[in-house]
Structures are given as structure tokens and as C-alpha cells.
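The primary structure of each chain is shown beneath.
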Amino acid sequence: MAYSSTVQGKHMVMMLLHFLLATQLVTAVLTSDLHGEIETLKALVRSLARENIQVKDRMENLEKMVKSLQIAVLRGKTTVKSTGTRAFTTPFQVLQRRAEGDLGPKTGTTCTQLCPPGRDGRDGAPGIPGLTGKDGTTGPQGPQGQQGPQGTKGDAGPPGKGLTVDSLKELVAIIDKQQLLTAMPVNGTSGGSVYTRWGRTTCPATANLVYSGIVGGSHYSNTGGGANYQCLPRIPQWGNYTVGIQSLSYMYGAEYETHSGNLFSLENTNGLTSIHDRDAVCVVCHAATRSSHMMVPGWKECPKTWSKEYSGYLMAESHGHHRSTFACVDQSPEVNPGGHTDKNGALFYHVEANCGSLPCPSYVNGRELTCVVCTK
């Protein structure tokens, strides 16, 4: 029993020793492998460091090459040849080959990077002409030139018509008018005189035309409306108006009523033999040098110191119609063209003398009265 126990104890000791040896052996192996890995990593680090230095050197070389190529491009030198057998015609190809390692430094070469720039090339051919520029601004006016030679004498004009009685009358009327105008006050404060010439469309030579028109008034049968004749402009100027007839006051045209006899001169009627039922006309005149005017019924001439504008016959509505004002109608009246239809309206009748309260003589019963318009 004691021996068996001893053997067993020795056996256990041997097993323990073997275990310890096996553990040390494993540890040694593991330590050896780990050391090898560390050395390998150190070698890789050193290799990467060397490559990094090489990459850095290459990058510096590339930067120098780029700068050299930029200078060459600016100077127009784009042809570069290597020291070997291959030629590169553009800076970009040179740079590309340098990057690929084909143009690195070589033994026995005299130019390890780019060669120095060559001489300037020849001048190129002239370019095409440019577009035409804009016109410049007008320059200052030049000095006045010398007077030219006298021209040739012109042809003689046609012979004059000579003086006639009518041309002398017109000339005298123009001279009289000019003398009247020059006699006006310098400050023009007189204002002149305005009157209506009934039965005519023109003013005398001593007056200025204001406007010509047609005669209007109330209908002879109307009990209301205006009593006086009006010289209406031929073209009215309308304001606000209402369309249609509103049964208010009316303005009619006027006609000559001369069926009882023709006392007027017909020289201004374009060949008519009568002005009966023809539409009456009128004109407003301005005597610039005379500030007063009047109509004298029963006279053909003006009082002394007064100027005659025109004369004619006194006319008004018929005694059987409603009353109107008296008007002095020119002795050579005109008519409104186309107004020959008997439409009535306001009417012009000759005014006759009627004895009684009117003294006869000097007036004669039944005679038509004359009239004259005068200014001063």
C-alpha cells in the first residue's frame, strides 16, 4: 500500500512536470510568432515611408514640370523633345509621360526635366480686316467761304396788265384801310366797333370779318321766343344736349319775302331774277379804328364825321305776325346756296312808311324805308 502510493505520487509529479514543460513550449512558440509579426509590420512601415518619400519627390517634380510647361505655353513654345528616341509635340503629352515614368531622369542625358525655351518664332500672316466702325461725331462748323461770282441775269417777266378803273378803286380802298390802321392809337385801347351786316357774307374794305353765317330767329307765328334776328355761325359748337324736341324755344332760319316787288340789286345773286323765299345770310364785322356804330333807318348816307359801312333796306316781320326787331339788309344781298324752298321760319319783309302819326311829308305813305350802318 505504501509502495503503490509512492508510485502514484511520482507519476503525478511527472505529469505535472510534463504539463509545465508543455505550457512553456506553447508560450515560447506564441511569443516567437508574435515577434515575427511585429517585425513584418515594422518592415511594411519602413517600406511605406520610403514610398511616401518617393511620391513626395515625384509630386515636387511634377509641380516643377507644370510650372515649366506653363511658361512654355505662355511663350508659345509647345514642341518639346525627350533625350531618347520618342518625341512629344505638346506640353500635355510631356506631362503625361512624366507622370507615367517614361520621361524620368536617365543616365547620360543633359536635360533631366524640360528643356529651356527656344527662340521666338516668325510673325504670323496678317489677320482678316475687322468690321467697319461707327461714324464719328459731327465736327465743328468750318469758316465761311468766300462769296461766289455773280449769277447770270434772269429772263424778263411777262408784261403787266396795266391800271384799270377797278384796280384803281381796289388800290384806293387798300390805301385808305392802311391809313386807317396806322391812325389807330398805339396802345390799342379803342377796341373798335362790331356790327352785323345783314344780307351779305363779306365785310366792307374798312372792316375786318369776324365770321359769316345765316340769319335765324323765332317763327313768325310763334307768340313766344326771341324777338330779334340772330346771325348764326354756319357750324355750331355744341355743349351738353338732349336728343329730340322738348317743346321749348325754337330757332328757325330766315327767308326774304319780296313777292310784292324787287327793290334790291341782284348783282350778288349769281343770276337770280328774285330773292323771294330765299334763305338770308349775314356777316359780323369789326371796324378796328372806330369805337362806335349805329344803324340809321330811313337814310342811305351817314351823318358828317361818321363813316359809312354799308346801306340797304329796313326789314322786319310782317305786321300780321308777331313782332321782331328791325334789321338793315344790304342793298345787294346774297342768298344761302340751296336754300330756295319755301319753309318760312323767321321772315324779312320790307318796312313801309304808314302816314298818320308818322309825318307825311316828309315820309310818303307806302314807300319802303332805306337804312345805313355808320361807325365812328
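Our structure's up above, just so we're on the same page.
Residues numbered from 1 in each chain as written. Predicted model: local features only at pLDDT ≥ 70, side-chain atom pairs only at ≥ 80, totals over all residues. Heavy atoms only, no water.

Describing unusual backbone geometry
In plain terms, the rule: Labels follow the DSSP assignment, with helices taken as runs of H or I lasting at least four residues and strands as runs of E lasting at least two, numbered in each case from the N terminus.
That bond from cysteine 360 to proline 361 is cis: its omega, -15°, falls within 30 degrees of zero. Of note, proline 361 is situated in the loop between strand 11 (346–350) and strand 12 (370–375). Across the junction of proline 361 and serine 362, the peptide omega takes the value 15°, indicating a cis bond. The topology assignment puts serine 362 in the loop between strand 11 and strand 12. Notably, asparagine 270 is not glycine yet its phi reads approximately 55°, a positive angle. Checked against the element boundaries, asparagine 270 lands in the loop between strand 6 (252–257) and strand 7 (281–287). Even without glycine at this site, aspartate 277 takes up a positive phi of about 65°. Following the sequence through the fold, aspartate 277 ends up in the loop between strand 6 and strand 7.

A closer look at the state of the cysteines
Let me state the cut-off plainly: Note on disulfides: each one is a pair of cysteine sulfur atoms within 2.5 Å. Burial classes follow relative accessibility: with a 1.4 Å probe on protein chains only, a residue under 20% of its type's maximum area counts as buried, one over 50% as exposed, and anything between as partly exposed.
Enumeration according to the criterion identifies five disulfides in this entry. In this model, cysteine 231 is linked to cysteine 282 through a disulfide, with the two sulfur atoms separated by 2.1 Å. In this structure, the disulfide formed by cysteine 231 and cysteine 282 twists by about 100° around the S-S bond and is classed as right-handed. Taken as a pair, cysteine 231 in strand 5 (residues 230–233) and cysteine 282 in strand 7 lie far apart in primary sequence, 51 residues in all. Judged by relative accessible area, cysteine 231 falls into the buried class, the value being 8%. Taking the relative accessible area as the measure of exposure, cysteine 282 reaches 0% and is therefore buried. Linked covalently through their sulfurs, cysteine 302 and cysteine 374 form a disulfide whose S-S length is 1.9 Å. Negative torsions about the S-S bond denote left-handed disulfides, and the value of about -100° found for cysteine 302 with cysteine 374 makes this one left-handed. Remark: cysteine 374 occurs in strand 12 and cysteine 302 occurs in the loop between strand 8 (293–297) and strand 9 (307–316); sequence separation between them is 72 residues. Exposure remark for cysteine 302: the relative accessible area of 16% places this residue in the buried category. With a relative accessible area of 0%, cysteine 374 lands in the buried category.

Section: a nonpolar patch on the surface
Going by this rule: Candidates for patches are residues over 30% relative accessible area with no salt bridge; among them, like charges are joined within 9 Å and nonpolar side chains (Val, Leu, Ile, Met, Phe, Trp, Tyr) within 5 Å. Residue burial considers only the protein chains on display, and all accessible areas are found by Shrake-Rupley using a 1.4 Å probe. A pairing counts as a salt bridge when a side-chain nitrogen of Lys or Arg comes within 4 Å of a carboxyl oxygen of Asp or Glu.
Nonpolar side chains collect at one region of the surface, where Trp238, Tyr241 and Val243 lie side by side and expose about 490 Å² of accessible area between them. With a relative accessible area of 71%, tryptophan 238 lands in the exposed category.

Concerning the environment of cysteine 285
Stated precisely, the cut-off is as follows: Throughout, a residue-residue contact means that at least one pair of heavy atoms, one from each residue, lies within 4.5 Å.
Counting through the fold element by element, cysteine 285 comes out in strand 7. Cysteine 285 sits 92 residues away from serine 193 along the chain, and the two C-alpha atoms are 8.3 Å apart. Beyond its immediate sequence surroundings of up to four residues, cysteine 285 is in contact with Ser193, Val194, Tyr195, Arg197, Cys203, Pro204, Ala207, Asn208 and Val210.

Describing the pairing of strand 11
Formally: A pair of strands counts as paired when DSSP detects no fewer than two bridges linking them.
Most of strand 11 sits inside the fold, with five of its five residues counted as buried. Side-chain alternation along strand 11 places Ala346, Phe348 and His350 on one buried face and Leu347 and Tyr349 on a second face that is also buried. As defined by bridge partners, strand 6 adjoins strand 11 across four bridges and the pair is classed as parallel. The residue bridging alanine 254 from the neighbouring strand is alanine 346, located in strand 11.

Focus on the packing of aromatic side chains
Stated formally: Pairing of aromatic rings covers Phe, Tyr and Trp, the last counted by its six-membered ring, and requires centre-to-centre distances within 6.5 Å; plane angles under 30 degrees mean stacked, over 60 mean edge-to-face, and any other angle means tilted.
Applying the stated criterion to the full structure yields five aromatic pairs. Aromatic side chains tyrosine 229 and phenylalanine 348 sit 4.3 Å apart centroid to centroid with 35° between the ring planes, which places their arrangement in the tilted category. Here the residue tyrosine 229 occupies a position in the loop between strand 4 (208–217) and strand 5, and phenylalanine 348 occupies one in strand 11, the gap between them amounting to 119 residues. With respect to burial, tyrosine 229 and phenylalanine 348 carry one shared label: buried. Taken together, the ring pairs connect Trp198, Tyr229, Tyr256 and Phe348 into an aromatic cluster.

Observations concerning the pattern of salt bridges
Here the structure, examined in full by the defined rule, presents five salt bridges. With a closest N to O distance of 2.9 Å, arginine 197 and aspartate 330 form a salt bridge. Of this pair, arginine 197 sits in strand 3 (residues 193–198) while aspartate 330 sits in strand 10 (residues 327–330), and the two are 133 residues apart along the sequence. Relative accessible area serves as the criterion here: at 9%, arginine 197 is assigned to the buried category. By relative accessible area, aspartate 330 is classed as buried at 3%. In this structure, glutamate 309 and arginine 290 form a salt bridge, with 2.9 Å as the shortest nitrogen-oxygen distance. With glutamate 309 in strand 9 and arginine 290 in the loop between strand 7 and strand 8, the pair connects residues that are 19 residues apart, well separated along the chain.

Remember that the coordinates give geometry; whether it matters functionally is a separate question.
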